[in-house]
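Listed below are the residues making up each chain.
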Amino acid sequence: MLETVNLTKDYQVGQETVRALRGVNLAVSQGDFLVVNGPSGSGKTTLLNLIACIDAPTSGEVLIEEMAVSKLSEGRLAELRREKIGLIFQTFNLIPVLSAYENAEYPLLLLKLSRLERQRRVNALLEEVGLADMQKRRPDELSGGQRQRVAIARALVTNPKIVLADEPTANLDSDTGAQVMQIMRRLNEEHKVAFVVVTHDPVVTQYAKRMLRMRDGKLVET
Amino acid sequence: MLRIALRNVFRNRRRTLLSVVLIALGTASLFVFKGYFDFIHWGMGLEAVAQYGHLQIADPTFWDKSAEGYEYLIDKEKLDRVVSLLKEEPDFKAYTVQLMMTGMIGTEKKSSVFMASGVEPESEIASLKYLLMDEGGKYLQPGEQNTVVLGIGLANQLGIRKEDLGPRDGFPGPPIVVMAATVGGQYNARNLFVIGLLETGQPEVDLRLAVVPLVFAQSILNTQSVENVIVELKNIEATESTKERLERRLQEADLNLQIKTWDDLAIFRKQTMAWFGAVYRFIGAAIFVLVFFSILEVMTMSFFERMREIGTIRAIGTKRSQVFGLFLSEGVLIGVIGGLVGLALGWGVGWLVNESDIRYEPPGYAIEVPLQIRLVWENTLGPFLIALFSTLVSTIYPALRAARIRVVEALRYV
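Residue numbering note: each chain is counted from 1, following its sequence as written. Labels are handed out in written order, letters beginning with A for the chains and numbers beginning with 1 for the ligands. In view of the model being predicted, local features appear only for residues whose pLDDT reaches at least 70, and side-chain atom pairs are presented and counted only at 80 or more, with totals across whole chains, interfaces and linings using the full set of residues. The side-chain quantities take in all heavy atoms of the structure and omit both hydrogens and water.

**Concerning unusual backbone geometry**
Residue and element names in this part refer to chain A.
Link 1 in the chain: Phi at F92 takes a positive value of approximately 70 degrees, unusual for a residue other than glycine.
Link 2 in the chain: Relative to the elements of secondary structure, F92 occurs in the loop between strand 6 (85-88) and helix 3 (100-110).
Link 3 in the chain: Burial classes follow relative accessibility: with a 1.4 Å probe on protein chains only, a residue under 20% of its type's maximum area counts as buried, one over 50% as exposed, and anything between as partly exposed. By relative accessible area, F92 is classed as buried at 8%.
Link 4 in the chain: Of note in the backbone geometry, N159 takes a positive phi value of approximately 55 degrees without being a glycine.
Link 5 in the chain: Secondary structure counts use DSSP, requiring at least four H or I residues in a row for a helix and at least two E residues in a row for a strand, with both numbered from the N terminus. Tracing the backbone shows N159 in the loop between helix 5 (144-156) and strand 7 (162-166).

Given below as C-alpha cells:
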C-alpha cells in the first residue's frame, strides 16, 4: 500500500550538505502498525515528511497504492493527503480558534461532504476517542492528552489508508501517552488502517506490530 | 473556506477588533467628509437656484460680454414673445425680469460707484430679500419706484447706518442721489430713498451692491427693455429638459436668445465643488493608504502568528489556492464588517454634528453658516468600497505568502 524506494534526502546547511536519509526502502501494508524509533537527528521526521508528501526527496520515490507521488502536481498532492493520509503531530497542531468538533470536522469540509455525513463521522470518532462530551471545547480548554485525541480523530475522520504520527507521545506524560497509544492501536485494529509512528519514546514500541530502527538516515530491522 | 474564514474572523477577536476599528475609522471619516462636502454642494445648489432661478434667458452677447453698450437688452416686443413661449412650458411656474445698472451714488457728503440690480419688488424669484439684515429696514415694496436697498458696505461708505433708516420728513428713508448714463449715453440723475440694508456675507460685494425697483432702473437708463428673464420651474429636475425644449422653440421663433441653467451660472459653486472634489479624492487616497498599510501590518502579523496553523491545514490537504482564498475571505469579511461599522459610526457622528447646531464662518464669508453633514444612502457606497478595496488589496500579499509557504518550514516554525 505504501512503499519507499531508495529514498534520500539532503539538506544544505551553509556550505555543507547534510544527508538526512541514505536510501530508505520501506513497505507498509494495510492494517500495519509500524513503529520507527531512533535517536534525535536520525532522520525519522524527514522520512515521515516524505511519506506524508509534504516534502520532496532528493532522490528515490514514494509510492502510495503503487502511484509515484513525485509525478503529482502540488494540487494533486494536497488531494492525495486529504484523501489517503492522516497526520498526527507531536505538538497536536489543532487550529486554536476551532472547537474539538470543528477541528475534527475540518478535513471533511475540504472533502465537501454533506453536513449530515460530517456529523455522523465526527460524532462517531469523538465517541471512539472518548471526547463525545467535549465537542465544544477549544484546544486551550483541553488537556494535552485530550488534544492529541482530537488530533487522532481528525486524522482518521476521512477514512485514510494510512495514518502517520510524529512523536505522538512526546508532549504527554507517560500515563496519557499510554492512553493515546492504546487508542491508536485500537483504531488500527477496528478501522484496518495502517499506522506509521516515529518516536524515540521506548513506551511506544510496545504497541508496535512491527518495528524498525533508524540510524544515520538508514532503516534497520529490529 | 468561507465558513472557516468566518470562524477565524469571529474567534480571533483581538485581531479582528483591531482591523475593524482601523477600517471603521477610515470609512467613518470618509463618510463624514463626503456628507459635509455633499451638504455644501447641496446647499450651494439651493442657494444658486434661489439666486439665479432655474433658468435665465438673455442675448448671447450678454452672456459672453461681447456686447457694445446696451445692445444686448431684450425689448418689450421680444420679451412678450418669450413670455408666451414660457407659459406653454409644462413645468413653468413664474418669471421675472431684471436690469442691472452701474453709476455713481452719493449723499451730500459722500459718494461711491455702485452696481444696482433692477428687480420687480413683487417677485419672489431670485429675490435678494433674504439678504436683508436683522433690523436693517425693509425690502423693496410692490409699487415703489424710488426706493433702494443698499449693501451694508456701500451704506457704510455713504455714512448711512441702521439707525438712519425709517420715514423722515415725509420721505420713506434717508435720501441719496444716483447718477448713471442712459442707454443713449446721456447722463441722468434721480433721487432715491434708502429703506433697507442687506448683507451677502461677501464684503467686497456688499461694498458695491444696491437693489432698486426695475421701473427705476428702466427710467434712469431711459429704456423699456430688460436684461434677462429669470424663470422659476415647478421642480429642479425639469431644468435641463425645459432648457433644451425652450432653446429649440426660441430658435424656431427666430429669437436669438440663449438659456443658462442655475448650474451654468453658479460658477463659484462649480469651482468650490471641484476643489472639494479634489480634497475628497485626496482624503480618500490618504485613507486608502492608511487602511492599506494598517491591514497589511495586521494581516502580516496574523500570517506569522498562524504559520504553524497554515502548515497544518496544508499538510492535511488544503490546497494553496484554498489557503489564499481563506486569507482573502478573511480580509473581505473584515473589510465588510469594518466598512459597515464605519458607516454606522459615520452616520452617528454626522447625526450628532447635525443635532449640535455647530456654526462656523467659511473663508471669504462674514456670516456664520451651520456645519451640517448630509446623511444620505448614496454617500455610503464610495467610502464603503474604498475601505473594502483597500482591505482586499492589503490582504493579497500576506495571502500569497501564506499560500506559497513550504509545508515543512511552516510546521517547523515556532
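Here the narrative resumes.
**Side note on the sheet that holds strand 2 (residues 16-28) of chain A**
Link 1 in the chain: Strand order in the open sheet formed by 4 strands is 2-1-4-5 (chain A), with antiparallel pairing between adjacent strands. The open sheet has two edge strands with one neighbour each: strand 2 and strand 5 (67-68) of chain A. In short, DSSP must find at least two bridges between two strands for them to pair.

**Quick notes on the pairing of strand 2 (residues 92-106) of chain B**
Residue and element names in this part refer to chain B.
Link 1 in the chain: Examined bridge by bridge, strand 2 and strand 9 (residues 228-233) share 6 bridges and lie antiparallel to one another. Note that in strand 9 the partner of F92 across the bridge is L233.
Link 2 in the chain: Examined bridge by bridge, strand 2 and strand 3 (residues 111-119) share 8 bridges and lie antiparallel to one another. Each residue of the ladder has a partner; that of M100, found in strand 3, is S117.
Link 3 in the chain: Hairpin connection between strand 2 and strand 3: a loop of 4 residues separates the two successive antiparallel strands.
Link 4 in the chain: Of the pairings in the sheet, the one linking strand 2 to strand 6 (residues 175-181) comprises 3 bridges and is antiparallel in character. Across the sheet, G106 pairs through a bridge with V177, a residue of strand 6.

**Some thoughts on the packing of aromatic side chains**
Working definition: an aromatic ring pair is given by the centre-to-centre distance plus the angle between the planes.
Link 1 in the chain: Stacked, tilted and edge-to-face are the three classes assigned to paired rings of Phe, Tyr and Trp, where Trp is represented by its six-membered ring and a pair needs centres within 6.5 Å; plane angles under 30 degrees give stacked, over 60 edge-to-face, the rest tilted. Evaluated as defined, the whole model comprises 18 aromatic pairs over all chains.
Link 2 in the chain: Here Y36 of chain B and F276 of chain B contribute two aromatic rings whose centre-to-centre distance is 6.2 Å and whose plane-to-plane angle is 75 degrees, an arrangement assigned as edge-to-face. A residue pair is termed long-range when its members are at least 10 positions apart, and Y36 of chain B in helix 2 (residues 13-52) and F276 of chain B in helix 10 (residues 267-305) qualify at 240 residues.
Link 3 in the chain: Its relative accessible area of 17% is what places Y36 of chain B among the buried residues.
Link 4 in the chain: Here F276 of chain B falls in the buried class, since its relative accessible area comes to 10%.
Link 5 in the chain: Any Lys NZ or Arg CZ that is within 6 Å of a ring centre and within 35 degrees of that ring's normal is treated as a charge sitting over the ring. Of note, R185 of chain A hangs over the ring of F33 of chain A, and the distance from its end group to the ring centre comes to 5.5 Å.
Link 6 in the chain: The ring of F62 of chain B is capped by K65 of chain B, whose NZ or CZ atom sits 5.3 Å from the centre of that ring.

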